[in-house]
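Each chain, letter by letter, is given below.
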Amino acid sequence: MDAGAIQKTHLLTPPETGRVLIADDQMHVLDALQLLLSGCGLATEAVTHPASVLRALETAKFEAVLMDLNYARDTTSGGEGLELLSKIRSLDSLLPVVVMTAWSNVDLAVEAMRRGASDFIQKPWENQELLQKLQNQLLWARAQRRTQRQREEELREAREIQDSLLPKRLPEVVGYEVAAMTQPLQFVGGDYYSVVRISERHTAFCIADVAGKGLPAALLMASMQAALKPLIYQRLAPREVCHRLNRILCDLTPVGKFISFFYAVLDEIDSRLTYSNAGHNPPLLIRADGTSTELKAAGAVMGQFPHWPYEQSELQMTRGDKLLLFTDGLVEACNADERSFGEHNLILIARDNPSSSAEELMGLLMRAASRHSGEHFQDDASLMVLKATEAATLHLAGGFR
């Protein structure tokens, strides 16, 4: 392969700039490849050992890798190169990797492609074929990265929009502490919560979970939030909120999807909580004396049964009581043995920390669930903590009936 042949190849190949990492244990091969690629406007860096390939990729940016499959330790089977290929793929799933070997065979080529090789070149190579394959991979990778950047930007914007639907600051509730947070599994999720002052003495609390994950769940959640907001400010009884919201969602919810929903109104003067549960995980009331009660579901999930008759219940809260509202992503977070975190751990932690504020207890519970699942929730996880800090002093009529 003389200089004239290389120059002739350049004239046949449109220029394509980029930076290519070349890996081979033979210096004359590296020299020839660098001369060939640099003549096409490609910047190159050459290394002779698999470990050097990984160091180079971790410390610098390359648009492609052109690498041998056979090295001094393993000169014929391609095992060392295949192992390197798998490690490269774990670093970057889109980086083009064109593999070369003088001992090529069909099985090795198939295995290389299975491990993530972008293309395959046999030694001795034909200059035009090598350059064309490399250029095709550069163009493909750039298109993929543009698409990836566009998708990431769209997801960031979707996350910003979804964050704007959640309360930026929770309202103050006289005699109570309130804390809430959500941890989406992906950029966006299907969990929702809200705390809204609806009168001088009443505050509405709600939490919801859309079946599914990611963008489809987030879109349905946004529709639910838009339908719910005007209903909250009408100061309707919880069962009526659920009834009207469900009828709206039945027209919006795709087949196979649904929303679980819990809605409550707290009367701060007589410390009465009136609530309705539409198929949501039963919130947990942990009394100051350590006893616990589930606010069980009395209605079906939303979006499926337009004429479902929702009911409501009441309870009295006293000083030291804590109400935990959560989505299933929190209690169903599993460890390596597939054991879920469970409601029992929520109760135990709340009992063991009676003096913790709502904010502190929320942090304790979320961190415990995260540790249990190896710092990786399998679904969107949300939690709201309502803690009564003062005993009710007045008992007046005027609740939601």
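Cut-offs and rules
Residues numbered from 1 in each chain as written. Predicted model: local features only at pLDDT ≥ 70, side-chain atom pairs only at ≥ 80, totals over all residues. Heavy atoms only, no water. Helix = DSSP H or I, 4+ residues; strand = E, 2+ residues; numbered from the N terminus. Buried < 20%, exposed > 50% of the residue type's maximum accessible area, 1.4 Å probe, protein only. Contact = heavy atoms within 4.5 Å. Areas by Shrake-Rupley, 256 points an atom, 1.4 Å probe, with all protein chains shown as cover. Pairing = 2+ DSSP bridges. Axes fitted to C-alpha atoms, helices over the stretch in contact; angles between N-to-C directions. Salt bridge = Lys/Arg side-chain N within 4 Å of Asp/Glu carboxyl O. Phe/Tyr/Trp six-rings, centres within 6.5 Å; stacked < 30°, edge-to-face > 60°. Parallel < 35°, antiparallel > 145°, perpendicular 65-115°, else oblique. Left-handed = near helix turned anticlockwise from the far one by under 90°. Nonpolar A, V, L, I, M, F, W, Y, C, P; charged D, E, K, R; others polar.

This paragraph deals with the overall build of the protein chain. In terms of helices and strands, the protein chain carries 11 helices and 15 strands. In the protein chain, which comprises 401 residues, the proportion classed as buried is 52%. When contacts within the protein chain are restricted to residue pairs at least 6 apart in sequence, long-range pairs at least 24 apart make up 71% of them. Element-wise, carbon and sulfur atoms account for 52% of the exposed surface of the protein chain, whose accessible area totals about 19,000 Å².

With that settled, the discussion passes to the sheet that holds strand β5 (residues 119-122). In space, the five strands of this open sheet follow the order β2-β1-β3-β4-β5, with parallel pairing throughout. Because the sheet does not close on itself, it has two edges, and the strands there are β2 (42-47) and β5. With direction set aside, neighbouring strand axes in the sheet form an average angle of 20°. Of the strand pairs in this sheet, strand β3 (residues 64-68) and strand β4 (residues 97-101) are connected by four bridges, and their pairing is parallel. Each residue of the ladder has a partner; that of Leu66, found in β4, is Val98. Contacting β1 (18-23), β2 and β3, helix α3 (residues 50-59) runs over the sheet at an angle of about 160° to β1. With respect to the sheet, helix α4 (residues 79-91) is in contact with β3 and β4, its orientation differing from that of β3 by roughly 165°.

This brings us to the pattern of salt bridges. A full pass over the atoms with the stated rule returns 17 salt bridges. As a salt-bridge pair, Arg115 and Glu111 come within 2.8 Å of each other at their nearest N and O atoms. With a closest N to O distance of 2.7 Å, Asp267 and Arg201 form a salt bridge. Within this pair, whereas Asp267 is found in strand β9 (residues 259-267), its partner Arg201 is found in the loop between β7 (191-197) and β8 (202-210), the two being separated by 66 residues in sequence. What makes Asp267 buried here is its relative accessible area of 2%. For Arg201, a relative accessible area of 17% translates into the label buried.

Here the focus is the packing of aromatic side chains. If you walk through the whole model with that rule in mind, you get three aromatic pairs. Their ring planes at 15° and their centres at 6.1 Å tell us that Phe261 and Tyr263 sit as a pair that is stacked. Take Phe261 and Tyr263: they sit in the same class, and that class is buried.

The subject of this paragraph is unusual backbone geometry. For residues besides glycine, phi is generally negative; the peptide bonds are generally trans as well. Here the residue pair Lys123 and Pro124 is connected by a cis peptide bond, since its omega of -10° sits within 30 degrees of zero. Turning to its location among the elements, Pro124 is positioned in the loop between β5 and α6 (127-165). The phi angle at Arg235 is positive, at roughly 55°, despite the residue not being glycine. Note that Arg235 resides in the loop between α7 (214-232) and α8 (238-252).

This brings us to the environment of Ser355. With respect to the helices and strands, Ser355 occurs in the loop between α10 (343-352) and α11 (358-372). Classification of Ser355 by relative accessible area gives exposed; the value is 68%. Here the alpha-carbon distance between Ser355 and Gly320, two residues 35 residues apart in the chain, equals 8.2 Å. Beyond its immediate sequence surroundings of up to four residues, Ser355 is in contact with Glu360 and Lys387.

This paragraph deals with the sheet that holds β7. If you trace the five strands from one edge of the open sheet to the other, you get β7-β8-β9-β10-β13, paired in antiparallel fashion. If you trace the sheet from one side to the other, it starts and ends with β7 and β13 (313-316), each paired once. Each strand axis lies, on average, 15° off the axis of its neighbour in the sheet, ignoring direction. As paired strands, β7 and β8 are joined by seven bridges and run antiparallel to one another. Within the sheet, the bridge partner assigned to Ser194 lies in β8 and is Cys206.

Moving on to the packing of α10 against α11. At a minimum axis separation of 10 Å, α10 and α11 run at an interaxial angle of 140°. Compared by their axis directions, α10 and α11 come out oblique. Our pair here, α10 against α11, has a crossing hand that is right-handed. Note on element contacts: α11 touches α10 through Leu361, Leu364, Leu365 and Ala368, opposite Leu346, Ile349 and Ala350. Classifying every residue of the contact of α10 with α11 by side-chain character gives seven nonpolar, no polar and no charged.

With respect to burial, strand β15 (residues 381-388) is a largely interior element, eight of its eight residues being buried. Residues Ala381, Leu383, Val385 and Lys387 point to one face of β15 and Ser382, Met384, Leu386 and Ala388 to the other, with burial holding for every one of them. Bridge analysis of strand β6 (residues 176-183) against β15 gives eight bridges, and the strand direction is antiparallel. Bridging from a neighbouring strand, Thr182 pairs with Ser382 of β15. As defined by bridge partners, strand β14 (residues 322-326) adjoins β15 across five bridges and the pair is classed as antiparallel. Bridging from a neighbouring strand, Leu323 pairs with Leu386 of β15.

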